[in-house]
Structures are given as C-alpha cells and as structure tokens.
Amino acid sequence: MYAGLDFGTSNCSIGTMVENEPTLIPIDGGRTRLSSCLFIEREVIKPFDVARSDLMSRVSTLDSAQNTETLISIARKQMQAEHRNKAISFKQAASIVDALKSNGDVIFGEEAELTHIDDPESGFYVKSPKSFLGADINKDQQVVFTRIVEKMLAHIKQEAESVKNEELNDVVIGRPVNFHGLLGNDGNEQALAIIGEAAQTVGFKHVEFLMEPVAAAYDYERQLTTDKMVLILDLGGGTTDCSVIKLGPSYSHLEDRQNCILSHTGRRIGGIDLDNKLALMQFMPHFGKDAVFKTGLPVPSTLFRQAVSVNDVGAQRDFNLVRTGREIEDYCLRSNDTRLRRLQQLRDGKFGLRVSRSAEQAKIDLSDNTLVDIPMDYIESGFDISVSRDALAESIADELSKFEMLMHEAIQQAGVQPDVLYVTGGTAMSPVVQQWINGVFPGMPIVVGDHFGSVTSGLVTQAARLFK
Ligand SMILES: Nc1ncnc2c1ncn2[C@@H]1O[C@H](COP(=O)(O)OP(=O)(O)OP(=O)(O)O)[C@@H](O)[C@H]1O
Ligand SMILES: [Mg+2]
C-alpha cells in the first residue's frame, strides 16, 4: 500500500486512495487526526501487541453503526488502554534517553497530553517534535529527536496498517518550505535527514517528500475544470507556507510539475506562535509582567517571554535553570506585587506547556465567541483569565502582517498575479485570521479548503502518481 502522510507540527494524518479519492485513515480511536505529541511513562511497560483475531473479535462487540475501519481504530485504542492498565513495569526510566532506549509502550495524541496534564512527573512528554527538527540542537538532541520521530511514524504506520490490514511500504511525507528554527537551509536539511532516517528505520521502503503548499495545491486541483494561477496559503501550527502554482486540467497529467510551481515562500511561524503571543500579551500580565519593584523600577520582561516560548529550546532551557528559580524568588521579595507568585508557580510546577495550551484554547474558543473565560486553577484556585476577540486581534497583529508579507513575496517571486487564493491549515479557522485574509487582496476570489485534510489529500494524490 502507498500513502500520503502529513507529519504536522500540531496534527498528523495519513491517507491513501480509495476508489480514486484521497481518503484519510482513522488512526486515533476512530479519528483521522492525531495530535502531534507523545508521552513515555517512567514506569516502562512492554509495548502493545495484539493478534488480529483478538482485534477482530473486539470489533464484533462494538456498535456497528460505524464503518469497519473506524471500529478497528476504536478497538485498538480501547485495547491499548486496557493493556496499559494491567501491564507490569519492567523498569524505571531515569531520563527520556533511557526511556526511548528501553523501547517500552508510548502514549500518543490527545491521550498523551491528558496523561501529562494529570501527572507531569510520571513520565516524559514531547509536544510538536516537528518544531524542534530544524532548530540549533546538538548531536545528542538530534538522536533523541530522531527516536521520537521514529516512535510517531511507527505508531501512525502501525495504526494505518492495522486498519487497512495491509503492509504500508511507500509514502510521500509533507515538508514545510522552511522548518521552524533559526538555521535556515541547514535546519531544513537537518529536519529532512531526521524524518527521512526515521521513516526508513520504521520500515517505509520508499520515502518521498513534497512541499506542503504544493500538496494542498494538488488537492485543490482535483476540483478544477479550468486552468488557474493559484496562490496557496497554508496556515499551520508551526509554519506558514505559500506557493504560486499553475493548476488545472492542462497540467494535472504532467509527470514533472516543476515548471508549474512558480514560487515558494515559508516562515517558521504558525498557530503555536499565535498561542505564545496571546499568552505573552494577555496571560502574562496576570503573572506580573508589568509589575514594579518596591524601588519603582519595572520587573524585567525576559522571564515572561521565556515562560511562554514553549517551542524555543534555548528559552525553555534558560527558564528551567535553577538560577531562574532564584531570580523569580528575588523578584517576589523585591516587589509587593503578588501576581509574581503565579510566575513562580508556573515555573515550579512546570506549567509552561499548560499555559500555552490554555492560550491555544482561548484562541480556538474565540472562533465561536467574542469573549472567553479560561480557567487557570492549576496556577491558583479560582483564578481565570478573560480574553476578547479584539484582544486576540491586537496581540497577533505582528504575526498577521508577517503572513501577509509571505503572500506578497510569493507573488513577487512568481512574477504573475494569481486568479484565486486557496487557503488551508487549522490557523485559518480563526475569524480574526479570516477577516484579515479577506482584506489583503480585495476582490480576489478566496477558496477555503479542508483546514485539516487538504495537505494529506494532496500527498495521497502525489503518492498515487509516484507509486501506483
Ligand atoms: N478554531 C480555530 N481557530 C484558530 N486556530 C485553530 C482553530 N482550530 C485549530 N487551530 C490551530 O490550528 C493549528 C493546527 O493546524 P494544522 O493542523 O493545519 O497544523 P499542522 O499541519 O499540524 O502544522 P504545520 O503545517 O505547521 O506543520 C494549531 O495551532 C491550532 O491551535
Ligand atoms: Mg500543516
């Protein structure tokens, strides 16, 4: 079997062609979208392994209103949880490196996040590994991230194979124009090497990469009956990618599409950066960001910035230093502002990722509401933070203008004016983002694709071209 696999910063999905239609495969308890995170418990247990016959007997006990593929995915998830509950630990892992070496059971997706929230000290949690692959990480960290990517890819592969009851050998994996990180092209090479090596290790025999905006374009092309010059905008979790590309019936049959792709631009900025910014601008003031010392001088803002920069390896390392803890204690003693104790609680309780998740929740809830209240009980009992849609718009104005620049750059590099703007990616779900997109090119038709499925469907389309 061949597949297209979107290894996203926030979400992963995989699909294959079914009756000539790209179709996503359920890989997470019946869902086709797996949150890009994993949790390895300190108490190492054997990985889940189930005989096909046992799996199918479990499927036969489930409510059969759903299709068999979804039921298999649900049954696997149930059985994995049961396995975890009754398995006996064979060792205690001292570090994430040790845990990865032990090759024990790993929890993936939303369940990983919930397990981490429930008890952060009970294991090792990694969120959005993709956002670290292009970063300035040393050799040891590269090895760790390669193992982590292997775990994720192996899990996705296994889930898909079990659902389809077929071996999966050939894959087209999406890649952003630029990975998150400050290393430029070296970072891109590093990230591709990590993903490529991991994919081979877990048993994919043929691995090809395709730019994510081009994949989104191929998905859009399936519905075109006339040729069009299209500006693609993929607003993802970690990266934003643009491409100007010639699409339509005159081109879709061509084996080599290189001449159709007129430009690519991409930046390491996406939904996570909106969360970080919202956390900094709307959450951190409640943690004392604008506090003053008894002398009247302002408390420095660096630590607040570090606290919420959850996808910045350097910032997280610095924030977790022992001396940072002492610095915050010093702030608390030198100021009468009690909000600073919340910053201390954030650091001591390792709640950085939870605050980031709360900010993301606020951003997502603001899609359907103009004002939201986000509970922050894990910081302080009865504490919550109100955020308005206008405050979100104000907080992310810089990021929106960076997205806009990317689109202009893509058009400039292409040297042609697009006929239509095709938008995809989860970040484009936000009405604040949508309103801004509408204002950038007044009069240009905008087509909104499947926010979470376009890239994968395009990767499947490409996989079919290459491997069918
Ligand atoms: N309703 C919403 N409003 C705003 N943002 C949303 C909404 N729903 C999801 N998101 C955001 O969409 C992002 C995930 O989008 P998507 O799944 O397209 O990213 P990805 O493909 O994993 O990332 P990338 O392509 O950058 O690797 C997250 O940042 C999430 O917070
Ligand atoms: Mg994406």
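A brief structural summary.

Let us now look at the overall build of the protein chain. Helix and strand counts for the protein chain come out as 17 helices and 18 strands. The globule rule puts the C-alpha radius of gyration for 468 residues at 23 Å, and the 23 Å found for the protein chain is close to it. Seen through its C-alpha atoms, the protein chain measures out along the principal axes to roughly 70 × 60 × 45 Å. The buried share among the 468 residues of the protein chain stands at 47%. Excluding contacts between residues fewer than 6 apart, the proportion of contacts in the protein chain whose partners are at least 24 apart in sequence is 74%.

Within the open sheet, the five strands sit side by side as E14-E13-E12-E17-E18. Their pairing is mixed. The sheet terminates laterally at strand E14 (261-267) and strand E18 (446-448), the two strands that pair on one side only. On average, each strand axis in the sheet is inclined to that of its neighbour by 20°, with strand direction left out of account. Pairing geometry for strand E12 (residues 228-235) and strand E13 (residues 240-247), over eight bridges, is antiparallel. Bridge pairing links Val-230 to Ile-245 in E13.

Most often, soluble globular proteins have nonpolar side chains that are buried together. Ranked by internal contacts, the top residues of the largest apolar core, which has 117 residues, are Leu-38, Ala-217 and Leu-231. Considering each element in turn, this core owes the most residues, eight residues, to helix H5 (residues 139-164). When residues of this core are assigned to domains, at least three fall in each of domain 1 (224-270 + 397-447) and domain 2 (272-387). In contact with Ala-217, not counting residues within four places along its chain, are Val-230, Ile-232, Ser-243, Ile-245, Leu-247, Tyr-422 and Gly-458.

This brings us to the packing of helix H2 (residues 68-86) against H5. Direction vectors running N to C along H2 and H5 enclose 130°, while the axes themselves pass 8 Å from each other. Here H5 runs oblique to H2, going by the angle between their axes. Between H2 and H5 the crossing geometry is right-handed. From H2, Glu-69, Ile-72, Ser-73 and Arg-76 reach across to H5, where they touch Glu-159, Ser-162 and Val-163. Taken together, the residues of the contact of H2 with H5 break down into two nonpolar, two polar and three charged.

So, on to the site of ligand 1. Taken together, 25 residues lie near ligand 1, and Gly-8, Gly-236, Gly-237, Gly-271 and Gly-426 sit nearest. Going through the elements one at a time, helix H8 (271-283) and helix H13 (352-365) are the ones with two or more residues in the shell around ligand 1. Looking at side-chain class alone, the shell around ligand 1 contains five nonpolar, 16 polar and four charged residues. Here the shell around ligand 1 gathers at least three residues from each of two domains, domain 1 (224-270 + 397-447) and domain 2 (272-387).

Sheet architecture is open: three strands sit in the order E8-E5-E9, paired in antiparallel fashion. Since the sheet does not close on itself, it has two edges, and those belong to strand E8 (107-108) and strand E9 (123-127), each with one partner. Contacts from helix H4 (residues 109-118) reach strand E5 (37-41), E8 and E9, with the element oriented near 55° to E5.

The subject of this paragraph is helix H12 (residues 340-348). One turn of an α-helix holds 3.6 residues; hence residues three or four places apart share an orientation. Listing the buried residues of H12 in full gives Leu-340, Arg-342, Leu-343, Leu-346 and Arg-347. Angularly, the buried residues of H12 cover 150° about the axis, an arc narrow enough to put them on a single face. Against the buried residues of H12 lie helix H9 (302-308), helix H10 (313-319), helix H11 (322-334) and H13. Positive backbone phi, at 55°, marks Lys-350, one or two positions downstream of H12.

The rules behind the values
- Residues numbered from 1 in each chain as written.
- Chains lettered and ligands numbered in written order.
- Predicted model: local features only at pLDDT ≥ 70, side-chain atom pairs only at ≥ 80, totals over all residues.
- Helix = DSSP H or I, 4+ residues; strand = E, 2+ residues; numbered from the N terminus.
- Rg over C-alpha atoms; globule rule 2.2 N^0.38 Å.
- Buried ≥ 20, exposed ≤ 12 C-beta atoms within 10 Å, placed from the backbone.
- Contact = placed C-beta atoms within 7 Å.
- Pairing = 2+ DSSP bridges.
- Axes fitted to C-alpha atoms, helices over the stretch in contact; angles between N-to-C directions.
- Core = buried A, V, L, I, M, F, W, Y, C linked by C-beta atoms within 7 Å.
- Domains from an automatic or database assignment.
- Parallel < 35°, antiparallel > 145°, perpendicular 65-115°, else oblique.
- Left-handed = near helix turned anticlockwise from the far one by under 90°.
- Nonpolar A, V, L, I, M, F, W, Y, C, P; charged D, E, K, R; others polar.
- Near = placed C-beta within 6 Å.
- Arc of directions from axis to C-beta.

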